Structure formats: C-alpha cells, structure tokens
Amino acid sequence: MGFIFKPWKNLSLFKRIMVGFVLGIIAGFIFGEKASMFNFLGTILTNLLMMVVAPLVLCLLVCAAGDMGDAKRLGRIGIKSVAIFLSSTALAIVLGLVISNLINIGSGISINVDIAKVEQKETVSMLDTLINIIPKNIFKSLAEGDLLQIIFFALIFGFSLSRLGDTGKKLLDIFEAGQKSMEKLTDIVLQFTPYGVFGLMANVIGTNGADILIPYLKSIAALYLSSLIYLIFVQGILMVGIIGKVNPIKFFKTMKEPMAFVFATCSSVATIPLNLESVKKLGVDDETANFVIPFGAVVNMNGTAIYQAVAVVFTAQVFGIDLSFTEQAMVMLTATLASIGTAGIPGSGLVMLTIVLSSVNLPMEAIGLLAGIDRILNMGRVVPNIVGDAATSIIVARTEKTLNN
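On a predicted model such as this, the values are computed, not experimentally measured, just so you know. (Residues numbered from 1 in each chain as written. Predicted model: local features only at pLDDT ≥ 70, side-chain atom pairs only at ≥ 80, totals over all residues. Heavy atoms only, no water.)

Asker: Give me helix α10 (residues 217-243): which residues, what numbers.
Answerer: Residues spaced three or four apart along an α-helix face the same direction, because each turn holds 3.6 residues. Along α10, the largest kink reaches about 35° and is centred on Ile 237. After α10 finishes, the residue Lys 245 shows a positive phi value of roughly 60°. (Bend = angle between axes of the 7 residues up to and from the residue. Helix = DSSP H or I, 4+ residues; strand = E, 2+ residues; numbered from the N terminus.)

Asker: With reference to specific residues and values, describe the side chain of Ser 227.
Answerer: Looking at where Ser 227 falls in the secondary structure, it is placed in helix α10. Judged by its relative accessible area of 4%, Ser 227 is buried. Beyond its immediate stretch of four places on either side in the chain, Ser 227 contacts Ile 306, Gly 380, Arg 381 and Pro 384. (Buried < 20%, exposed > 50% of the residue type's maximum accessible area, 1.4 Å probe, protein only. Contact = heavy atoms within 4.5 Å.)

Asker: So what's going on with the confidence of the model for the protein chain? Residues and values would help.
Answerer: Interpretation of this model should avoid reading the predicted coordinates in detail wherever pLDDT is low. Here the protein chain averages 82 in pLDDT, while 84% of its residues score no lower than 70. Within the protein chain, the lowest mean pLDDT, 47, falls on helix α1 (residues 2-5), and the highest, 96, falls on helix α11 (residues 248-254). Contacts for the low-pLDDT stretch residues 112-123, under 50 throughout, to residues beyond four places or in other chains number 18 contacts. (pLDDT = per-residue confidence, 0-100.)

Asker: For the packing of α10 against helix α19 (residues 374-399), give the residues involved together with the corresponding values.
Answerer: At a closest axis distance of 10 Å, the pairing of α10 and α19 adopts a crossing angle of 10°. By the criterion of interaxial angle, the relationship of α10 to α19 is roughly parallel. Looking at the contact of α10 with α19 residue by residue, the class counts come to 17 nonpolar, six polar and two charged. (Axes fitted to C-alpha atoms, helices over the stretch in contact; angles between N-to-C directions. Parallel < 35°, antiparallel > 145°, perpendicular 65-115°, else oblique. Nonpolar A, V, L, I, M, F, W, Y, C, P; charged D, E, K, R; others polar.)

Following this line, the structure appears as structure tokens:
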C-alpha cells in the first residue's frame with residue numbers, strides 16, 4: 001500500500017489529480033480504443049468513494065440535526081436552499097438557450113445517421129418523488145446509496161436523539177465518532193485518486209477519439225462556454241461575491257480540488273467529501289454545510305440544466321423545428337421543475353431530458369444522437385452542479401449569520 005501511494009506523498013490532491021489527468025489523456029491517444037483496459041482503475045476509485053458516501057452522509061446529518069436541535073432553523077435552511085437551487089437553475093437554462101441559439105449548434109449535422117436505440121425510462125412525478133423520499137427500510141437505502149432517503153431518515157433520527165437528553169447524547173457521540181472515522185477513511189481513499197483519474201481519462205480519450213467529436217464541436221463548445229460563463233459570472237461573482245460576500249478568487253482557489261475531481265469522475269455524489277471540506281475552509285458552519293452539500297448533490301442541477309437547454313436547441317435545429325419564445329419559456333419552466341422532480345432517480349439526467357423534450361414535442365431520437373458524446377458533455381456539466389452546491393451553502397450561511405470568514 002505504501003509503495004502505491006508513495007509517489008504522491010509530497011503533492012497536493014489537486015496536483016495529483018492533474019498528473020493523473022494529463023497522463024490519462026496521453027495514454028488515451030497512444031493506446032486508442034485499447035485504453036479502455038485502464039478503465040478498471042476509474043471504477044475502483046468511484047466504487048471506493050461511493051462506499052464512503054452513504055455512511056458519511058448518515059453520520060453528518062444525524063450529528064447536524066442532533067446538534068442543531070431546532071426544527072425551525074433546519075426548515076429555514078431547507079427552504080432557502082431549494083429557493084436558491086430553483087432560481088439558479090432557471091438562470092442556467094436561460095444562459096444555455098441563449099448561447100446555443102447564438103452559436104447555431106445544430107447546423108451542419110446530418111440526421112441520416114444510425115441513431116442508437118435508447119432505452120426510454122418511465123418519468124416520475126414530483127409527488128412520487130416526494131413519497132419515495134421516505135424509506136421503507138433504511139438499511140436497504142444505505143446499501144443502495146439512496147441519498148434522499150438517507151437524508152430524510154438522518155434528519156428525523158437526529159432530532160429524535162436531541163430530544164432524549166443524556167441518553168441521546170451517548171448515541172450522538174457514537175455518530176460523531178463515525179463521522180470522524182469516515183472522514184479519515186475518505187482521506188485514505190483519496191490517495192488512490194491519480195490512478196483512478198488516469199484510468200477514467202485514458203478510457204474517455206481512447207474510446208471517443210477526435211472523429212466522433214468533430215460533428216458535435218458546436219454543441220460541446222456551447223455547453224462548455226455556457227458552463228464557464230455561468231461559473232464565473234453567476235456562481236462566482238453574483239452568488240458568492242455579491243450575495244455571499246466572499247472573494248470569488250478565494251472561492252475558486254479553494255474549490256479547485258473538488259472541481260478537478262468531479263470533472264474527471266463525473267460524479268457529484270462521489271465529490272461530496274471534497275466539497276464539504278472546501279466549503280468549511282471558506283467559513284461555512286458545519287450544520288449548514290452538512291445539510292446543503294449532500295442535499296444539493298442529488299437535487300441541485302445547474303450544469304445539467306445547461307445541458308438540457310443545449311440538447312433542446314440542438315434537437316430543434318437538427319430536425320428543422322422552429323421553437324417559439326413561448327416554447328423556449330416552457331423548456332425553462334419544465335427543466336427547472338424536473339431538476340427537483342427527478343432527484344434521486346438513477347439516470348436522472350436522461351429522465352430529465354426525456355421530460356424536457358416531450359414538453360415541446362421534440363423527437364426523442366436526439367437522445368441517441370447525443371449519446372456518443374455524453375461523457376464529454378457530462379464532464380462539463382457536472383462542475384457547475386457541485387460549485388452551485390458550494391455557492392448555495394455560502395449564501396445560506398451568510399443569511400443565517402453563521403458564515404465565519
């Protein structure tokens with residue numbers, strides 16, 4: 001074990017990620033499709049992190065609810081978080097629509113291609129989602145990593161313990177020890193990061209190559225440009241700088257590790273431990289961070305909302321369908337609500353896109369057209385997702401007067 005991790009001992013996590021990232025890209029170009037043989041390294045990394053996430057979130061939120069002991073305050077934090085999630089998601093969709101229309105992303109794409117057959121997933125109503133938040137069996141929820149159900153149980157259980165006085169305090173101490181233990185385990189797991197990132201990037205570059213990207217360069221450019229503008233001006237300057245009153249440069253420097261990690265792994269959930277550590281460095285109190293970051297990882301989808309807008313404009317232009325202003329406004333409304341309504345559903349991005357396309361009667365075949373470059377698009381859209389969670393935690397902590405900076 002020591003031999004495996006020794007080369008990275010004196011490097012920061014960000015530098016380790018970058019080394020794995022660059023070496024993975026090089027290996028992808030050298031080995032081509034054979035680079036998929038390295039993908040097992042990425043699978044090991046994501047599995048290790050997913051192993052940690054469920055018990056970590058359980059311990060974090062039980063402790064947060066137990067220490068807070070104030071249902072009204074937790075309710076305020078929850079309402080504020082959802083309000084920020086919805087409004088920031090709406091802004092993301094508008095930006096995605098504007099950039100995609102300006103670039104004219106669907107031009108030059110022929111629809112005379114072999115469109116992949118895409119499994120259509122059944123859409124789920126918001127009411128069903130709310131009902132499904134309540135776990136029938138918390139051990140099953142932990143085993144399956146169903147974070148919304150874990151969050152629901154942990155909050156209620158933590159409040160229950162806070163009402164038991166000394167008896168509850170004994171059990172809360174055990175969960176606090178569990179939290180510290182899971183954080184230490186996370187530090188150990190992250191030592192494998194450069195190898196996992198190497199495997200993931202080698203597979204992405206080797207599998208896709210340049211040929212598949214050329215016809216979709218405008219779509220990729222629209223998503224990455226929209227995400228970059230959104231990161232800098234909406235999340236950095238508006239949310240963090242103006243509303244949160246935190247220096248945006250300091251914010252992005254602190255967030256560089258979770259941003260680099262989520263870009264390589266495409267997993268907002270797996271990035272929860274790194275995101276928590278970063279926002280606490282920025283002065284967000286434990287109770288706010290421990291609630292907003294796990295909750296946002298499964299509910300807040302700023303970057304995914306940008307992707308929905310790009311996909312809608314791409315579909316309309318490729319199939320020669322003119323979308324009116326009213327129809328584009330419908331896209332904004334539907335995607336905003338769908339970001340909450342599909343929370344916690346496996347493959348929620350696909351379900352979300354299906355809902356949005358059907359709301360303006362666009363062909364579902366577009367999902368197949370975009371499937372080939374989905375990993376490339378996913379890498380760009382997950383970064384605003386986790387940065388949005390961090391920015392929201394800062395705003396909530398500022399309004400609760402618990403931000404220490």
